[in-house]
Every structure is written in C-alpha cells, then in structure tokens.
Amino acid sequence: MKKTIRIGTRDSELALWQAHTVQNQLNALGYTTEIIAVKSTGDLILDKPLYELGITGIFTKTLDVAMLKGEVDIAVHSMKDVPTSLPKGIVQAAVLERANTLDILVHKGNVDFLNTEGVIATGSLRRKAQWLHRYPSHTVEDLRGNVNTRMQKLHDHSWNGAIFAAAGLERINLKPDTFINLDWMIPAPAQGAMLVVAMEEDTYTREALQQLNHKETEICTTIERNFLKTLEGGCTAPIGALATIEKDSISFEGVLFSLDGKEKHYIKKSCNFVDYKSFGENCAQIILEQGGAVLMQQLRSQLKVK
Ligand SMILES: NCc1[nH]cc(CCC(=O)O)c1CC(=O)O
C-alpha cells in the first residue's frame, strides 16, 4: 500500500539539510514524503558539557519516541550521534554515502598559537583528548550547541579556534575564512555518514530506504561502530575510529585516549571484505587486552554523572 513517508528530523539547519537530502532521494524514486521537525533534549540543554548529561543518544531519543508513538515513519540522523544499540523495534534502514570525514580547526588570526599556549574550544571528549595529546601546553574550553551556535560563540570569545566536523560545515554551506584540516585527528566513529532508521515491521518504508543504502559506507561504519560498542559499553569515552575501503581490503585506525590525552591506545590494521563483520570487535579486543580495559574502567568512574 502506498503511503506518505513522514521524515522525522531535529530542527537545526544541519539536521534539516540532511532530512531534505533523504526526502529528495525518496521523491526521485517516486515516493511521497513529508518532513516533521522536532526539538531534541540535546539541543535544549546548552549549559552543561554533553558527557555530564549522562545519557547517550540525547540527540536521537526525542525522534525515537516520536517514531515509537507512530508520529513519524523514519528518522534521519548524523550517524555519529546515534548510540550503537538502537531501541527495540527500530532498525537501521539505510546508510547514505559518506561525505568528508575530517575534523577541522576554525581559527582566528594566524596560527602562531599552535606553537605557544593556545586556547581552543570543543565539547567533544575525543577532540579534546587528541588536541591535548598533540598540544600538551594548550587549554581546551567546553563548547556546546549546534554548528551555527558554536560558530557564533567562537566569534564572541577570545579563543584561538574551535573544532568542527568538515561535513557539518560543508552541508550548511558555512565556509570559514581561516581553518586547518586536522588530518592527524581520528574522527568519531561514523563521522560524515547519515543514518536513516525505521520501524522494524514497516516493510513498505524499509524497501524504499534500502534503495538509498550505500554499501561501502555501511561496511566502514559497521566496523567503526562495532569497535566503539565493544570498547565503551554505554559510556561516552574519547574514542576515534576510521575505516576506509582500499583496492582489495579495508584499512582501519582506532584509538582510545585518557581524558587529558596523555594515555593513548592505538591500532592500525587491515582486513578483507569477508571478515568485516567481526573486524571492529577484534580490533577493540586487542586494545582492551593491551591496557585499554584498565583505562575504560577509569573513564567510567571519571564520567559518572555527578
Ligand atoms: N556532534 C554534533 C554533530 N553531529 C554531526 C555533525 C556533523 C556531521 C558529521 O560529523 O557527520 C556534528 C557537528 C560537529 O561535530 O561539528
């Protein structure tokens, strides 16, 4: 039976851009669609660091509830914001072709501060730890809010710079005057990819979305998210992961840091296409065995909600 596919999204400019992209692709295939935007808890609480809110999935929960209540048929997310376990009844229906995976530093003035005592801003534990690992004499300030809000705060403060996902800026056509690509920084698992979820029993919608799925991106993000899931067990730790498709294999880099960036557990490894489903977990096991488990234990007690 043909029906209108109701697309749930957050109401930030980036989220709406992503929802419209999915809408355009579905419309091009002949489906009828409608966008329904909601405010998420993660967008409403801006005065606390994310990890202090103590919930993973703070950006996705509102949409999960709307979908479980039958108010929307699908939800479009930045895949890196989606917890590795989906609520019961909700399934991964499509992963769209990945955009730029890099993090960038948007800075003010020249970059002399890199060699001195710079102050940069980010709300991400992963970015903070990697920054301090590379620039131990720097200070990292907390920065929350959607991309537009964060860019405004960078203008209003005396920080030297702030870190953004290149994909987020490109999507809403924000072109900073001065920035550097942080090609040494390992991105968040699934950074730059969009995930569309649907209700498990909704076969009409799932068949529609199946046509948007990009297999290579699905493979890479599966590896990265399995790596994350095996390491973290429900806690937002400083973890980076990036899988890339090579000619005959998939190469992977994964990393786990202490909060201050001093301790680092890193793995670089490749696998063939047959074994990709267990690859992320295997890489995480190696890290856990080589000291990562002790660090994860420490991180869990440090990040416990106060
Ligand atoms: N954490 C917020 C968030 N979630 C997705 C993106 C951008 C798109 C992406 O990274 O896939 C951003 C902004 C950022 O990290 O700067």
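Residues numbered from 1 in each chain as written. Predicted model: local features only at pLDDT ≥ 70, side-chain atom pairs only at ≥ 80, totals over all residues. Heavy atoms only, no water.

For the protein, the name recorded in an unreviewed UniProt entry is Hydroxymethylbilane synthase, with Flavobacterium profundi as its organism. UniProt, in the comment section headed Catalytic activity (unreviewed entry), describes the protein in these words: "4 porphobilinogen + H2O = hydroxymethylbilane + 4 NH4(+)". UniProt, in the comment section headed Function (unreviewed entry), describes the protein in these words: "Tetrapolymerization of the monopyrrole PBG into the hydroxymethylbilane pre-uroporphyrinogen in several discrete steps." (UniProt positions renumbered as here; feature names shortened; annotations may be inferred.)

K.L.:
Before we go on, may I ask you to explain the sheet that holds strand β5 (residues 103–107) in this structure?
P.N.:
As summarised here, the arrangement of the 5 strands in space is β7-β6-β8-β5-β9, forming an open sheet in which the pairing is mixed. Two strands lie at the open edges of the sheet, namely β7 (139–141) and β9 (179–182), each paired on one side alone. Averaged over all adjacent pairs, the angle separating strand axes in this sheet is 30 degrees, with direction ignored. One ladder, built from 5 bridges, connects β5 with strand β8 (residues 161–165); its direction is antiparallel. Opposite D103, over in β8, you have A165 as the bridge partner. (Pairing = 2+ DSSP bridges. Helix = DSSP H or I, 4+ residues; strand = E, 2+ residues; numbered from the N terminus. Axes fitted to C-alpha atoms, helices over the stretch in contact; angles between N-to-C directions.)

K.L.:
Please explain helix α7 (residues 203–210) as it appears in this structure.
P.N.:
Since one α-helical turn is 3.6 residues long, residues separated by three or four positions face the same way. For α7, every residue scored as buried is listed here: T205, A208 and L209. Buried residues of α7 fall within an arc of 95 degrees about the axis and therefore sit on the same side. Those residues of α7 that are exposed and aimed more than 90 degrees away from the buried face are T203 and E207. Taken together, the buried residues of α7 touch β1 (5–10), α1 (13–28), β3 (74–78), β4 (90–95) and β10 (194–199). (Buried < 20%, exposed > 50% of the residue type's maximum accessible area, 1.4 Å probe, protein only. Arc of directions from axis to C-beta. Contact = heavy atoms within 4.5 Å.)

K.L.:
I keep staring at the domain arrangement of the protein and nothing clicks. Help me out?
P.N.:
Where interface size is given, it is often the accessible area lost as the parts come together that is meant. Taken domain by domain, the protein comprises domain 1 (5–97 + 193–213), domain 2 (103–182) and domain 3 (224–302). Placing a centre on the C-alpha atoms of domain 1 and another on those of domain 2 gives a separation of 27 Å. (Domains from an automatic or database assignment.)

K.L.:
Explain the packing of aromatic side chains here, please?
P.N.:
The description of two aromatic rings rests on the distance between their centres and on the angle between their planes. Summed over the entire model, instances satisfying the criterion amount to 6 aromatic pairs. Taken together, a centroid distance of 6.2 Å and an interplanar angle of 70 degrees make the contact between Y135 and W184 edge-to-face. You can see Y135 sitting in the loop between α4 (125–134) and β7 and its partner W184 sitting in the loop between β9 and β10, a full 49 residues away along the chain. Its relative accessible area of 23% is what places W184 among the partly exposed residues. Judged by centre distance (5.9 Å) and plane angle (75 degrees), the ring pair of F252 and F279 falls under edge-to-face. Remark: F279 occurs in helix α9 (residues 276–302) and F252 occurs in strand β12 (residues 250–257); sequence separation between them is 27 residues. (Phe/Tyr/Trp six-rings, centres within 6.5 Å; stacked < 30°, edge-to-face > 60°.)

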